[in-house]
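Coordinate analysis (summary)
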Amino acid sequence: MKTVKFSNSDEKLNVGKIVCVGRNYAAHAEELGNEVPEFPIIFLKPPSILIYDNDNIVHPDYSDEMHHEVELVLLIGAKIKNASLEEAERAIIGYGVGLDMTLRDLQSEFKKKGHPWTLAKCFDTGAVVSEFILKKKISLTGNENIKLSINGSLRQNSSLKMMIFSPTEVVKYISERMTLEKGDLIFTGTPSGVGKVERGDIIDAEIENIGTLKNKIV
Ligand code: ZN
């Protein structure tokens, strides 16, 4: 069982399901040649693939193009279904920094064939989270800088305000399709600047006021 750890509390929480949003920043949708979506694009990652700050990300040998995607991750603290915006906002109890590692070559092939993306997104060590910060102990501006560097060179650099669907809208929408429960994590999509990583690379990711991640590709 994977757990969520907090930077500002000794509490621990078991991780439930991991729900991810695709194409939630217009500039990222454009860089991959995709339309800006009318509704959030949703996919899942299994909690068993989750790793943490300082763990190694293992590059699968069946892919030649693993990409980094830095994302704001929401921690759900209550069971909700068909939530209103207010209920969705209340259900978000914490924030973390995440990496949605993606096998872009497999994903492009699956998209072309109309197959599910599952195996481009689900592989051991393919999801990373930082320690979480409890929402009741901080106040976010919604304007926080989100960035990622590879070996010290900046690759992704944006602001949380550039999201197409806000965290609350994302949670409301997902809860209309599946019940969300305490311990579920929501990856809210990545800004532009995604790109390939190689074995030996060091990823540094940070969201202002929330946290940092450092992971090596092996
Ligand atoms: Zn993503």
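Refer to the structure above for everything that follows.
Just so you know, these numbers come straight off a predicted model, no measurement behind them. (Residues numbered from 1 in each chain as written. Predicted model: local features only at pLDDT ≥ 70, side-chain atom pairs only at ≥ 80, totals over all residues. Heavy atoms only, no water.)

Consecutive side chains of a regular strand alternate in pointing toward one face of the sheet and then the other. Examined bridge by bridge, strand 13 (residues 145–150) and strand 14 (residues 153–159) share 6 bridges and lie antiparallel to one another. In the sheet register, S149 faces strand 14, and the bridge partner there is L154. Joining the antiparallel neighbours strand 13 and strand 14 is a turn of 2 residues, in which N151 adopts a positive phi near 50°. (Pairing = 2+ DSSP bridges. Helix = DSSP H or I, 4+ residues; strand = E, 2+ residues; numbered from the N terminus.)

Right, let's talk about the packing of aromatic side chains for a bit. The geometry of two aromatic rings is summed up by the distance between their centres and the angle between their planes. Overall, the coordinates contain 2 aromatic pairs when judged by the stated rule. Aromatic pair F39 and Y173: ring centres 6.1 Å apart, planes at 20°, arrangement stacked. Placement of F39 in the loop between helix 1 (26–31) and strand 4 (41–45) and of Y173 in helix 5 (residues 167–175) is noted, with a sequence separation of 134 residues between them. One residue, K5, lies across the ring of Y52, its end atom 3.6 Å from the ring centre. (Phe/Tyr/Trp six-rings, centres within 6.5 Å; stacked < 30°, edge-to-face > 60°. Lys NZ or Arg CZ within 6 Å of the ring centre and 35° of its normal.)

What follows deals with the coordination of the zinc ion. Note on the zinc ion: its protein donors are E69 (OE), E71 (OE) and D100 (OD). The metal-donor distances range over 1.9 to 2.1 Å. Read N to C, the donor residues that coordinate the zinc ion are spaced as E-x1-E-x28-D. Across this residue pair, the class does not change: E69 and E71 are buried. (Donors = N, O, S within 2.8 Å, 3.2 Å for Na, K, Ca; no water. Buried < 20%, exposed > 50% of the residue type's maximum accessible area, 1.4 Å probe, protein only.)

Inspection of every chain in the model, using the stated rule, returns 12 salt bridges. For the salt bridge of D184 with K17, the shortest nitrogen-to-oxygen distance reads 2.6 Å. Pair noted here: D184 is in the loop between helix 5 and strand 15 (185–187) and K17 is in the loop between strand 2 (12–14) and strand 3 (18–22), with a separation of 167 residues, a long-range link. Taking relative accessible area as the criterion, D184 reaches 1% and is therefore assigned buried. Among the ionic pairs, K214 bridges to D204, the shortest N-O distance being 2.9 Å. (Salt bridge = Lys/Arg side-chain N within 4 Å of Asp/Glu carboxyl O.)

Let us now look at unusual backbone geometry. Negative phi characterises most residues that are not glycine, and trans characterises most peptide bonds. Its identity is not glycine, yet N54 carries a phi of approximately 75°, on the positive side. Here N54 lies in the loop between strand 5 (50–52) and strand 6 (56–57). For N54, a relative accessible area of 55% puts it in the exposed group. The phi dihedral of T125 falls on the positive side, at around 70°, and the residue is not glycine.

Moving on to the sheet that holds strand 10 (residues 102–103). Ordered in space as 10-7-16, the 3 strands form an open sheet in which the pairing is antiparallel. Because the sheet does not close on itself, it has two edges, and the strands there are strand 10 and strand 16 (195–196). When strand 7 (residues 66–68) meets strand 10, the two strands line up antiparallel, connected through 2 bridges. From the neighbouring strand, H67 faces strand 10, where its bridge partner is T102.

So, on to the environment of G94. One can find G94 in strand 9 (residues 92–100). Taking relative accessible area as the criterion, G94 reaches 0% and is therefore assigned buried. For the pair formed by G94 and K214, sequence separation is 120 residues and the distance between their alpha carbons is 20 Å. The residues touching G94, leaving out its near neighbours within four places in the chain, are V73, L74, L75, F132, I133, L134 and K135. (Contact = heavy atoms within 4.5 Å.)

Our next topic: the environment of E65. On the secondary structure map, E65 appears in the loop between strand 6 and strand 7. The partly exposed category is assigned to E65, whose relative accessible area is 26%. For the pair formed by E65 and R104, sequence separation is 39 residues and the distance between their alpha carbons is 5.6 Å. Discounting residues that sit within four places of it in the chain, E65 has contacts with T102, L103, R104, D105 and K196.

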